Amino acid sequence: MKVNKEVRQLSRQLLRASFTDGQLDGGRVTSLVKSLIEKKPRNYIGVLDAYKRLLRLEVEKRSATIESATELNAEASAKIVDNLKRKYGPDLATEFVVNPALLGGMRIRVGSDVWDSSVRNRLQRLQEQL
Amino acid sequence: MSTILEDIETQIAGLKTSTSKSNVGVVRDTGDGVARIEGLSDVMLNEMIEFSSGVVGLALNLEETEVGAIILGDTTRVMEGDEARTTGKLLSVPVGKALLGRVVNTIGEPLDGKGPIKAEASYPLEKIAPGVIKRRSVNQPVQTGIMAIDAMVPIGRGQRELIIGDRATGKSTIAIDAIISQARLNKAGEEGRLKDFRPLYCIYVAIGQKNSNVARALAVLDANGAMPYTTIVSAPASDTAANQYLAPFAGAAMGEWFMDNGMDALIVYDDLSKHAVAYRQVSLVLKRPSGREAYPGDVFYLHSRLLERSARVTEEAGGGSVTALPIIETQAGDVSAYIPTNVISITDGQIYLETDLFYQGVRPAISVGLSVSRVGSAAQIKAIKQVAGKIKLDLAQFRELAAFAQFGSDLDAGTKARLDRGQRIVELFKQTQYNPIPVEEQAAVLWAMQNGYLDSVPVEKIKAFQVKLQDHLRTRKEGILNSIVTKKAIDKELETELAAALDEFKSTFQ
Ligand SMILES: Nc1ncnc2c1ncn2[C@@H]1O[C@H](COP(=O)(O)OP(=O)(O)OP(=O)(O)O)[C@@H](O)[C@H]1O
Ligand SMILES: [Mg+2]
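Residues numbered from 1 in each chain as written. Chains lettered and ligands numbered in written order. Predicted model: local features only at pLDDT ≥ 70, side-chain atom pairs only at ≥ 80, totals over all residues. Heavy atoms only, no water.

This next bit is on the pattern of salt bridges. For the structure on display, the rule yields 40 salt bridges over all chains. For Glu38(B), the salt bridge is made with Arg53(A), and the minimal N-O distance between the two is 2.7 Å. In this pair, Glu38(B) sits in strand β2 (residues 34-39) while Arg53(A) sits in helix α3 (residues 44-61), so the two residues belong to two different chains. Within the structure, one salt-bridge network assembled from shared partners comprises Arg53(A), Arg56(A), Glu60(A), Arg28(B), Arg36(B), Glu38(B) and Glu66(B). (Salt bridge = Lys/Arg side-chain N within 4 Å of Asp/Glu carboxyl O. Helix = DSSP H or I, 4+ residues; strand = E, 2+ residues; numbered from the N terminus.)

Given below as C-alpha cells:
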C-alpha cells in the first residue's frame with residue numbers, strides 16, 4: 001500500500017514536469033526517463049509503468065480519431081482538422097480511419113468525448129426510442 | 001394509428017439532423033462484478049453507464065484517472081477493451097400500482113413469469129428524503145394485527161420500527177403478519193366496511209435470503225390474499241452483491257411513489273444485516289477503505305439515508321406516508337454490535353425478539369422490557385389506549401416478580417394478584433403465525449382482561465377462552481365489534497354491552 005502511494009506520487013510529479021507552456025514536451029520526457037533510470041530510486045520500474053500510463057492518457061486526451069464510412073476527400077478532412085484544432089488547441093493529433101460499419105456519416109472521438117453522426121448510431125437511438 | 005406514425009416521423013426527423021455527443025471510456029479490467037474504466041471524464045457519481053454489449057453499470061468510484069463501476073446484469077458480457085459510455089441518467093425503477101401483485105428484481109424486472117410490467121412512471125433509486133417543512137408527526141396507526149405489538153409497541157404510519165433478534169426468532173413472520181393484516185383491512189376498506197379508511201400498500205424487500213425463503217413468503221402472502229396489495233422485491237443470496245446493495249433503495253423508490261401520490265405504503269427490509277454485508281463486499285472490491293468490523297465508514301449514512309425516506313408528509317404535500325419495518329439479525333442477542341447499534345439509533349423504536357422466550361413457547365417472542373415505540377402511541381386508537389395503557393408496566397412488573405417468586409412460596413395477596421394477571425397477559429399475547437387479529441377484537445379481549453373476566457379462568461385455558469370469546473363476539477355480537485370500529489373508543493354504553501356479552505359468554509364456557 002505504502003509503495004503504491006509513493007509510485008503514484010512520483011509518477012504524478014514526473015507528469016507535471018513533462019510540460020512546457022502547457023504542452024507535452026517530448027525532449028523533457030526523454031530526459032526525465034533517462035535520469036530516472038540512472039538514479040534508480042526505489043521501485044523505479046513501477047514508477048515508469050505508472051508514468052507511461054499517465055502519458056498515454058495525456059496523449060489520448062490530445063488526439064482525435066475521425067472515423068468515417070468512406071474515405072474523406074482532402075478538402076473535407078482539412079476542414080475537420082482545422083475546426084478541431086480551433087476547439088482543442090493546435091497540438092491536437094489527428095488520425096483518420098475508414099470504418100464501413102458506420103454505414104454513413106462520421107464519428108469523432110477526442111479524449112473521452114465522442115460526437116457521433118453516423119447512420120449506425122442514429123439507427124441505434126431510433127431503436128431505443130421505439 | 002396516424003398519430004403513432006406522426007410520432008415516429010418527428011423522431012426520425014430529429015435524428016436526421018442531430019449529432020449525439022457522449023462521453024466514453026474503455027474497460028481496463030473487470031472482476032467481482034466491478035469494472036474499472038479509463039476515460040469517462042464527464043461521468044457523475046451514481047450515473048448509469050452503458051457498456052457496448054448493452055449491459056448497464058453504475059459509477060460508484062470517481063478517481064483521478066479511473067472510474068470504478070458496478071455491473072448490473074450479466075457480468076460475463078463485459079470484457080476488457082469494451083467501450084463504456086455515460087447515459088446522463090440515474091438508475092431508476094418502474095413504480096406505481098402496476099407493480100402490486102408482482103415479484104421483481106432490483107431493477108424492477110418481473111421474476112414471476114406473469115409478463116411485462118406496464119408501469120406508469122419510473123423513479124430514481126436514490127432520492128433526497130422529504131425535509132422538515134414537508135413532514136408532519138405520526139397520527140395514523142398501522143394495525144399489525146399482532147396483539148402484543150398493537151397494544152404495547154404501536155406503530156404509526158410514517159414511522160420506522162426496527163424488528164431485531166437472533167436468527168429464527170420469528171422476525172420475518174412478524175413482518176409477513178403485518179402485511180397480511182393490511183391486506184384484510186384494505187379489502188374491508190374497499191367493501192366500505194371501514195369509515196375514513198386509507199389503504200396501506202406493502203412492499204417486501206428480501207435481501208440476501210435463500211430463494212426458498214422468498215418462495216415461502218410469496219406462498220404465504222398468496223394464500224392469505226395479500227398479494228393484490230403487495231410487491232416483492234427480491235435480491236436473493238445468489239444475486240450479485242451490487243443488486244443486494246441496491247434492492248432496498250428500489251423498494252424505497254416504489255414506496256415513495258405511493259407517498260408522492262397521497263397514498264400510504266409499508267416497506268419491509270428483510271434484512272439490513274445482510275444488506276450491510278453486501279455493501280461491505282461492494283466497497284471492498286471497489287478498494288474503498290474499511291473501518292470497524294471491516295464495514296466501510298459510510299455504512300451508517302447508507303442506512304440513515306435509506307430509512308430517512310420513510311415519512312409522513314403534510315396535507316398540503318398530499319398527506320401520504322411511507323412506513324418502514326427494517327429487520328436486523330443479531331448474533332447471540334448482541335445489540336451493541338456495529339450494524340445493530342447504528343440502525344437502533346436511526347429508527348423510532350424497536351421490537352426485540354428473544355430466543356429464550358421463543359423456545360419457552362412465548363410466540364411472537366417479543367421482549368417487553370427492550371421493545372419500545374417512540375412515536376407510535378400518538379397513532380393508537382382510543383379504544384386500545386383505554387385498555388392497554390397499563391399493560392406494558394403490568395407485564396414488566398410481572399417479569400420481575402416472577403423471577404423472585406421462583407424462590408419463595410409465601411406471597412402476599414397483592415403480589416399474587418399481580419402474578420396471576422401477568423401470567424394471563426402473557427397467555428393472551430401468544431399468537432399463532434399468519435393470523436392477525438382485528439383491532440376491535442383486540443380491544444374487546446383486553447377489556448375483558450382489564451375488568452377481571454379472565455381472573456377465574458385457569459391459565460392453561462386462557463388461550464381457548466380467548467379464541468372462543470373472539471368467535472362468540474364475531475358471530476353473535478357483531479354489533480359490539482362494529483361500534484368499537486366506528487366509535488374508536490369504549491364509552492359507557494359499550495361497556496355495559498361488553499359486560500353483558502361477557503357474562504353471557506362466561507356462563508357457557510367451561
Ligand atoms: N407466532 C408464531 N407461532 C408459531 N411459530 C412461529 C411463530 N413465529 C414464527 N414461527 C416459526 O418460527 C420459525 C422462524 O420464523 P421466521 O422465519 O419468521 O424467523 P426469522 O427470525 O425471520 O428467521 P431468519 O433468521 O431465518 O430470517 C418459522 O418456522 C416460523 O414458522
Ligand atoms: Mg427471516
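Another point: the domain arrangement of chain A. Often, the extent of an interface is quoted as the loss of accessible area upon association of its parts. All names here are of chain A. For chain A, the assigned domains are domain 1 (5-60) and domain 2 (62-129). At the junction of the two partners, domain 1 supplies six residues and domain 2 supplies five residues. Around 450 Å² of area is buried between domain 1 and domain 2 when both sides are counted, 33% of it from carbon and sulfur atoms. Three residues stand out in domain 1 for area buried against domain 2, namely Gln23, Glu58 and Glu60, and they jointly supply 68% of the buried area on that side. Joining domain 1 to domain 2, the criterion identifies one salt bridge. The closest approach of N and O atoms between Arg62 and Glu58, which form a salt bridge, is 3.5 Å. Broken down by element, the residue count for the side of domain 1 that touches domain 2 peaks at three residues, all from α3. Tallied by class, the residues present in the side of domain 1 that touches domain 2 amount to two nonpolar, two polar and two charged. (Domains from an automatic or database assignment. Contact = heavy atoms within 4.5 Å. Buried area = accessible area lost by both parts, 1.4 Å probe. Nonpolar A, V, L, I, M, F, W, Y, C, P; charged D, E, K, R; others polar.)

Our next topic: the site of ligand 1. All names here are of chain B. By nearness alone, 15 residues border ligand 1, and Lys171, Ser172, Thr173, Gln431 and Gln433 come closest of all. With respect to ligand 1, the backbone of Gly170 contributes an N or O atom lying 3.0 Å from an oxygen atom. Here ligand 1 has 630 Å² of accessible area as a free molecule, and 75% of this is covered by the chains. By residue number, the principal contributor to the shell around ligand 1 is helix α3 (residues 171-190), which donates three residues. Residue composition of the shell around ligand 1, grouped by class: three nonpolar, seven polar and five charged. (Near = heavy atom within 4 Å. Polar contact = N/O pair within 3.5 Å; in protein donor to acceptor, adjacent residues only side chain to side chain. Areas by Shrake-Rupley, 256 points an atom, 1.4 Å probe, with all protein chains shown as cover.)

A separate point is the pairing of strand β5 (residues 66-72) of chain B. Residues and elements named next belong to chain B. Most of β5 sits out of view: seven of its seven residues are buried. By the alternation rule, side chains of β5 split into Glu66, Gly68, Ile70 and Leu72 and Val67, Ala69 and Ile71, which are all buried. Two strands pair when backbone bridges link them, and β2 and β5 are joined in this way by five bridges, in the antiparallel orientation. Looking at β5, one finds that Arg36 is bridged to Gly68. In terms of strand pairing, strand β4 (residues 56-62) meets β5 through six bridges, oriented antiparallel. Directly across from Gly57, in β5, lies its bridge partner Ile71. Hairpin connection between β4 and β5: a loop of three residues separates the two successive antiparallel strands. (Buried < 20%, exposed > 50% of the residue type's maximum accessible area, 1.4 Å probe, protein only. Pairing = 2+ DSSP bridges.)

What follows covers the interface of chain B and chain A. Facing the 25 residues of chain B at the interface are 20 residues of chain A. Roughly 1900 Å² of surface becomes buried between chain B and chain A when both sides are summed, with 44% attributable to carbon and sulfur atoms. Counting the contacts that link chain B with chain A gives twelve residue pairs in polar contact (both at pLDDT 80 or more). When contributions to the side of chain B that touches chain A are tallied by element, the ones reaching two or more residues are α1 (2-17), β1 (20-31), β2 and β6 (83-90) of chain B. Ranked by residue count, the leading element in the side of chain B that touches chain A is β1(B), at seven residues. The residue inventory of the side of chain B that touches chain A, partitioned by class, reads six nonpolar, nine polar and ten charged. In this sheet, β1(B) lies alongside strand β6 (residues 113-116) of chain A in antiparallel orientation, the contact comprising four bridges. Paired with Val114(A) across the strands is Ser22(B), a residue of β1(B).

Bringing a nonpolar patch on the surface into the picture now. All names here are of chain A. Taken together, Leu103, Val119 and Leu123 make up a surface patch of nonpolar side chains, about 270 Å² in accessible area. One can find Val119 in helix α5 (residues 119-129). In this structure Val119 comes out as partly exposed when scored by relative accessible area, which is 33%. (Patch = residues over 30% accessible without salt bridge, like charges linked within 9 Å, V, L, I, M, F, W, Y side chains within 5 Å.)

What the largest pocket holds in volume is close to 1400 Å³. Along its surface, the largest pocket is lined by 45 residues, and Arg53(A), Glu63(B), Glu64(B), Thr65(B) and Glu66(B) are the ones closest to its centre. Take the lining of the largest pocket: its biggest share by element is nine residues, from α3(A). Among the residues forming the lining of the largest pocket, the class breakdown is 16 nonpolar, eleven polar and 18 charged. Two domains each put at least three residues into the lining of the largest pocket: domain 1 (5-60) and domain 2 (62-129) of chain A. The computed volume of the second largest pocket comes to approximately 1200 Å³. Residue lining of the second largest pocket: 40 residues in total, with Leu185(B), Leu194(B), Pro438(B), Val439(B) and Glu440(B) positioned closest to the centre. Listing elements by their share of the lining of the second largest pocket, those giving two or more residues are α3, α13 (439-450), α14 (462-476) and α15 (478-487) of chain B. A breakdown of the residues in the lining of the second largest pocket according to their chemical character gives 13 nonpolar, 13 polar and 14 charged. (1 Å grid on protein atoms, 1.4 Å probe; cavity = no way out; pocket = protein on both sides within 12 Å on 5 of 7 lines; lining within 4 Å. Points joined across faces, edges and corners; volume = space filled by probe spheres on them.)

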